[in-house]
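Residues per chain are reported as follows:
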Amino acid sequence: MSDGSRGPVGEESRSGEHSDGGRVAAGWHRLRDRLERRALATASAATVAVLLVVFYYPVGTVLVESVVVNGAVTLAVFAEVVRDPFYTGEFARLFAGEGPLAVARAFLGPERRLGIVGFTAYQAALSTLVSVALGVPGAYLLARFEFPGRRTLRSLTIVPFVLPSIMVAVGFVAAFGRTGTLNTVLAAVGLGPVELMFTLEAILIAHAFYNAPLVARVTTAAWESVDASAVETARSLGAGPFQAFRHVVAPQVYPAVLLGAALTFVFTFGTFPIVLALGGFELATVEVFVYRLARDLNYAEAAALAVLELLISLSVLAAYLRYEASHTVTSRGVRPLPRRPLRLPELTARELLPRLGLGVYALVAALVFLVPIASMLFASVTGGDGALTLDHYRFLLERQRTGAAFQVRPWPAVRNSLVFAAASALVALPMGVVVAVVTTRRYRGRALVGAVAMAPFAVSGILVGLGLLRGLVFGVEIAGWRIAVAGSAAIVAAHAVAGYPFVVRTVAPGLESLDRSLVESARALGASRARVLRDVELPLVWPGVVAGAAFAVAISMGEFTATVVLATGADAYTMPVAIERFIGRRLGPATAMGVVLLVVTGLSFVVIERLGGEYDGI
Amino acid sequence: MGSERPDPTREASDADAPGADAPVAVALAGVSKRYDETAAVENVDLRIREGEFFTLVGPSGCGKTTTLRLIAGFEAPTAGAIRFGGRDVSGVPPEDRNVGVVFQNYALFPHMTVGENVGYGLRFSDPPGGVSREQRVRDLLDLVDLPGSAGRDPENLSGGQQQRVAMARALAPGPDLLLLDEPMSALDARLRERLRLQVRSIQQELGITTVYVTHDQEEALSVSDRVAVMREGTPEQVASPRTVYRRPASRFVAEFVGDNNVFEGVVVEGADGTDAGPGSAEPVLVDVGGETLCVGGGGAGADGDAGSLSPGDAVTFCLRPQHLRVGRTDNGVRAAVENAEFLGETTRVHLEWENRELVVRTEDPLSGRVTVGFDPADAHVIDD
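All values reported here derive from a predicted model rather than from experimental measurement.

### Notes on the packing of aromatic side chains
For the structure shown, the criterion picks out 20 aromatic pairs over all chains. Ring geometry for Phe172 of chain A and Phe209 of chain A: centres 5.9 Å apart, planes at 85°, overall edge-to-face. Placement of the pair is Phe172 of chain A in helix α9 (residues 165–176) and Phe209 of chain A in helix α11 (residues 200–224), with a sequence separation of 37 residues. Considered together, Phe172 of chain A and Phe209 of chain A belong to a single accessibility category, that of buried residues. Each residue in the set Phe172, Phe176, Phe209, Tyr210 and Phe369 of chain A is aromatic and connected to the rest through ring pairs, giving one cluster. Above the ring of Phe84 of chain B, the side-chain terminus of Arg97 of chain B is found at 6.0 Å from the ring centroid. The ring of Tyr245 of chain B carries the charged tip of Arg320 of chain B above its face, separated from the ring centre by 3.7 Å.

Next up, the structure:
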């Protein structure tokens, strides 16, 4: 026990001294040991450094502009924004000093003005409702019914979420535009054209396309973790099937639905490319105005508006986290509820009704999820005269061969996207794993660390891009040294910062549910904290790690907002940026580029999924 | 009757294998662990000797597992110091404490084979005795009676086998200290009895200092060199199983360890009519609920401290069920039979007397009202 006393089982204790060769080996061991011990601390420090350099510092510099005018700290710009009815509608009067009752009365009156912020919240709330309405039946189908292709369908629910928004916008134009699929079909049966473009409905459907699968995924996972014996106990105590659902199943599913709703709200509140493409400036959201103000070099007002946006997003997330802390049931069902066959077993109202409902749901889902993608595929092989043609792809090839240096060519876009995606995944994975490890341990202030680390989820992409551009690409002067990060590196960093919160979300729940005594056993056997992570924890949560990598790649490939800011001038444009540049001219090449993006993203996913098993998280 | 008398020569055997003069392997000095407001462990002083099988026993929430986790280094004490052989280990992470831990759920790594599990600790240290890693894994699996199972998947093992693999894994690197946290509680009764004997014999074969946590007092008594009975974060008594059973230091220990009848009364007078002076080993007369009972006199220092009692003192004493004899009319009470549990070798009968519950053991089932009495020397006065 004490130094020099021998262990009871053998002659030598662990750090036994050996011969000369042994001493070298022991020295190497000690060095490796020391490195390992510090691995986690080093990785944490590196994560903090990356976050500081590519997120908090750049965002901070822009934010500072909103509170520092001519060298003096002032809230004037911010106050101006919140008092401007153009932004905050009737609420502006509240900030201007009017009583809440008067404001409430005006708000309920017929002439109410929402302002940009109000409209953004309004469309986000509606988008959330539509997404939940479309997502929950999907979860019901996936969690409670058995049918051929169920697992595949479940895996596919991740696809819309990772599709680049600019591509979704192209798909929606192709599907619901003036000459889109919907109007073509309507015209064929003699119905007048429907004008969906530049309406709120189009935005809502596009948002649902994105977020309903997210709601479905988290809800399905929660539904599947309900323990069948809990339902059986309720039934044996006299509860009917509906009561058992209401008292046992629903309380365990609510938190997941709320998580989906909260995330949907935050994502759609900060929406940019969808609204830009489908709403135009008439239906502009806060983020669009941030972009507009920044483009007009009005950084102070842009930053103030972005802060307002951030505050609202964060308060929604905080409200959800508060709810989650008190409501989430962590116990995982030992025995999940049995799935019913989708095929009708007998012709009774009880069996028929849910299946009829699901049939209607399938039609709606097909319209929302399949038609835009199918329309984009179709549009990419359709010429102006409606005949099938490969012209758009030929255009891409032609451009690749003869395009001038200043023109956007397809191959550099594909290559850049792949390189940036791989590089940002390599940065985002360790960052996400470290944050997951740090936030799953219990200690005071854990929630704060978690919130700070997850902030990139909620901060305006325009703001980040702007901060990066002005802070890093143009260069920062620190103690006489000018530090500048080149365009490509800045893009990779921005993508990694955008992607790593997803790694955290996919890895942390697995780590959290791992039996603590596994880690402790390994520690007692002599493994350092980092070794336990490598030998025990990561192998056991591997599907989550792979899912995180898939997210990081997908986020990078689809990221548009920060990239479009950072890729100005340089040849660092990616596929989404190429699509945006093409769409300005004609839809055809943009749809062809969109198909290329779809194929490349899909292939990357297949490759990544091969590395891991089935994953149940977001 | 006479054979039941505590025999002074037996006391020597209490301090059996490690001997009271064996060096201290683990010492806890004034150790406390608080979580926010509540104290899980409060001001614990323990000295665990080298080679000793030391058991922490107590009801759930008494702090026994927390104490074990503090020794392992999974938790840091809020106050006090823990020393391994004189060396303060505060701040030393678990991987540097040279301890082997077996958990209640065994915590076998599900993605590794049995052999990989057992060999895991050997990735960080050379096997003791200069053997190869493979040989060490084989040796350990032989030791726990699972030869040839290195290639198996832990999930395909029975609970008892998993428990033994966990033992082998904990022992493989040759730890100085083995920590067992309720390693039997997930197993069925018969297997538990067999395995605890195996654990004990492995411990003795290796001579390894072992700290064992259990809520099962019978298990604690059957395998340990010494036992610490814990209550609300503090050990109430630390002694050999025999001492804990025969001379419980508190009412709590008396009632927690085995069946016991605890009486509270007031000293009336010394048994021979004089005040029992301090240090005398004379029995005393005690008034319990109107009945006068004669208690103590089992010999100086042997059993209780009836000697230091004077008339008017409140006194608590206890009697094991087997010492409360049915049919004995002197020094006893009349009680009503409430119910009887047939246990095979004996029958445990619950009696009611003056709103107190008494427990006796008999060969035959009883009914109605019975007389029970006891030899004063069998009563143990609790010195609370």
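After presenting the structure, the write-up continues.
### Here we look at the interface of chain B and chain A
Across the contact, 48 residues belong to chain B and 34 residues belong to chain A. When the two sides are added together, the surface that chain B and chain A hide from each other amounts to roughly 3,400 Å², 56% of it contributed by carbon and sulfur. Across the chain B-chain A interface, the total number found is 3 salt bridges. Ionic pairing is found between Glu95 of chain B and Arg523 of chain A, a salt bridge with its closest N-O pair at 2.6 Å. Counting every contact that joins chain B to chain A gives 8 residue pairs in polar contact (both at pLDDT 80 or more). At the level of secondary structure, the elements contributing two or more residues to the side of chain B that touches chain A comprise β1 (24–35), β6 (99–102) and α5 (159–171) of chain B.

### Section: empty space enclosed by the protein
Residue and element names in this part refer to chain A. Taken as a whole, this structure holds 4 cavities of 30 Å³ or more when the rule is applied. Of the volumes computed, that of the largest cavity is approximately 850 Å³. What lines the largest cavity is a set of 38 residues, and nearest its centre among them are Phe267, Gly270, Ile555, Glu559 and Thr561. The element that contributes the greatest number of residues to the lining of the largest cavity is helix α22 (residues 487–513), accounting for 4 residues. Here the lining of the largest cavity is composed, by residue class, of 24 nonpolar, 11 polar and 3 charged. Both domain 1 (116–380) and domain 2 (391–459 + 491–618) contribute no fewer than three residues apiece to the lining of the largest cavity.

### Some details on a negative patch on the surface
Among the surface-exposed residues, Glu291, Glu338, Glu352, Glu354 and Glu357 of chain B lie close enough to one another that they form a single negatively charged patch. Position of Glu352 of chain B among the secondary structure elements: in strand β17 (residues 347–353).

### A look at helix α4 (residues 133–143) of chain B
All names here are of chain B. All buried positions along α4 are accounted for by Arg136, Val137, Leu140 and Leu141. Each buried residue of α4 lies within a common arc of 130° when the element is viewed along its axis, so the set occupies one face. Against α3 (114–119) and α5 lie the buried residues of α4.

### Thoughts on the packing of helix α19 (residues 410–440) of chain A against helix α27 (residues 575–583) of chain A
When two helices pack together, their arrangement is given by the angle between their axes and by how far apart the axes lie. Residue and element names in this part refer to chain A. Put simply, α19 and α27 touch, their axes get as near as 8 Å, and they point 150° apart. The segment α19 lies against α27, with Ala413, Val414 and Ser417 engaging Met575, Pro576 and Ala578. Of the residues in the contact of α19 with α27, the class split is 5 nonpolar, 1 polar and no charged.

### Digging into helix α15 (residues 286–295) of chain A
Residues three or four positions apart in an α-helix share a direction because the helix packs 3.6 residues into each turn. All names here are of chain A. The buried fraction of α15 is high, at 7 of 10 residues. For α15, the complete set of buried residues consists of Val286, Glu287, Val288, Phe289, Val290, Leu293 and Ala294. One or two positions beyond α15, positive phi appears at Leu297, with a value near 65°.

### Let's talk about the pairing of strand β4 (residues 79–84) of chain B
All names here are of chain B. Here 5 bridges tie β1 to β4, and the two strands are oriented antiparallel to one another. What sits directly across from Ser32, in β4, is Ala79. Connecting the antiparallel pair β4 and strand β5 (residues 87–88) is a turn made up of 2 residues, with Gly85 showing a positive phi of about 50°.

### Examining the sheet that holds strand β7 (residues 177–181) of chain B
Residues and elements named next belong to chain B. Ordered in space as β6-β7-β8-β3-β9-β10, the 6 strands form an open sheet in which the pairing is mixed. Each of the sheet's edge strands pairs with one partner strand only, and the pair in question is β6 and β10 (234–239). Recorded for the sheet is a direction-independent mean angle of 15° between the axes of neighbouring strands. Taken together, the 5 bridges between strand β3 (residues 53–57) and strand β8 (residues 209–214) define a ladder with parallel strand orientation. Considered in β8, the bridge of Phe54 is made with Val211. Together, β3, β6, β7, β8 and β9 (226–231) form the strand contacts of helix α2 (residues 64–72), whose direction differs from that of β7 by roughly 150°.

### Things to note about the pattern of salt bridges
By the definition in use, this model includes 27 salt bridges over all chains. Here Asp126 of chain B makes a salt bridge to Arg133 of chain B, at a shortest N to O gap of 3.0 Å. Residue Asp126 of chain B is classed as partly exposed on the basis of its relative accessible area, which comes to 32%. Residue Arg133 of chain B is classed as partly exposed on the basis of its relative accessible area, which comes to 34%. Look at the salt bridges and you will find they share partners, linking Arg516 and Glu520 of chain A together with Arg69 and Glu75 of chain B into a network.

What counts, and where the lines are drawn
- Residues numbered from 1 in each chain as written.
- Chains lettered and ligands numbered in written order.
- Predicted model: local features only at pLDDT ≥ 70, side-chain atom pairs only at ≥ 80, totals over all residues.
- Heavy atoms only, no water.
- Phe/Tyr/Trp six-rings, centres within 6.5 Å; stacked < 30°, edge-to-face > 60°.
- Helix = DSSP H or I, 4+ residues; strand = E, 2+ residues; numbered from the N terminus.
- Buried < 20%, exposed > 50% of the residue type's maximum accessible area, 1.4 Å probe, protein only.
- Lys NZ or Arg CZ within 6 Å of the ring centre and 35° of its normal.
- Contact = heavy atoms within 4.5 Å.
- Buried area = accessible area lost by both parts, 1.4 Å probe.
- Salt bridge = Lys/Arg side-chain N within 4 Å of Asp/Glu carboxyl O.
- Polar contact = N/O pair within 3.5 Å; in protein donor to acceptor, adjacent residues only side chain to side chain.
- 1 Å grid on protein atoms, 1.4 Å probe; cavity = no way out; pocket = protein on both sides within 12 Å on 5 of 7 lines; lining within 4 Å.
- Points joined across faces, edges and corners; volume = space filled by probe spheres on them.
- Nonpolar A, V, L, I, M, F, W, Y, C, P; charged D, E, K, R; others polar.
- Domains from an automatic or database assignment.
- Patch = residues over 30% accessible without salt bridge, like charges linked within 9 Å, V, L, I, M, F, W, Y side chains within 5 Å.
- Areas by Shrake-Rupley, 256 points an atom, 1.4 Å probe, with all protein chains shown as cover.
- Lys, Arg positive; Asp, Glu negative; His and termini not counted.
- Charge placed at Lys NZ, Arg CZ, Asp CG, Glu CD.
- Arc of directions from axis to C-beta.
- Axes fitted to C-alpha atoms, helices over the stretch in contact; angles between N-to-C directions.
- Pairing = 2+ DSSP bridges.

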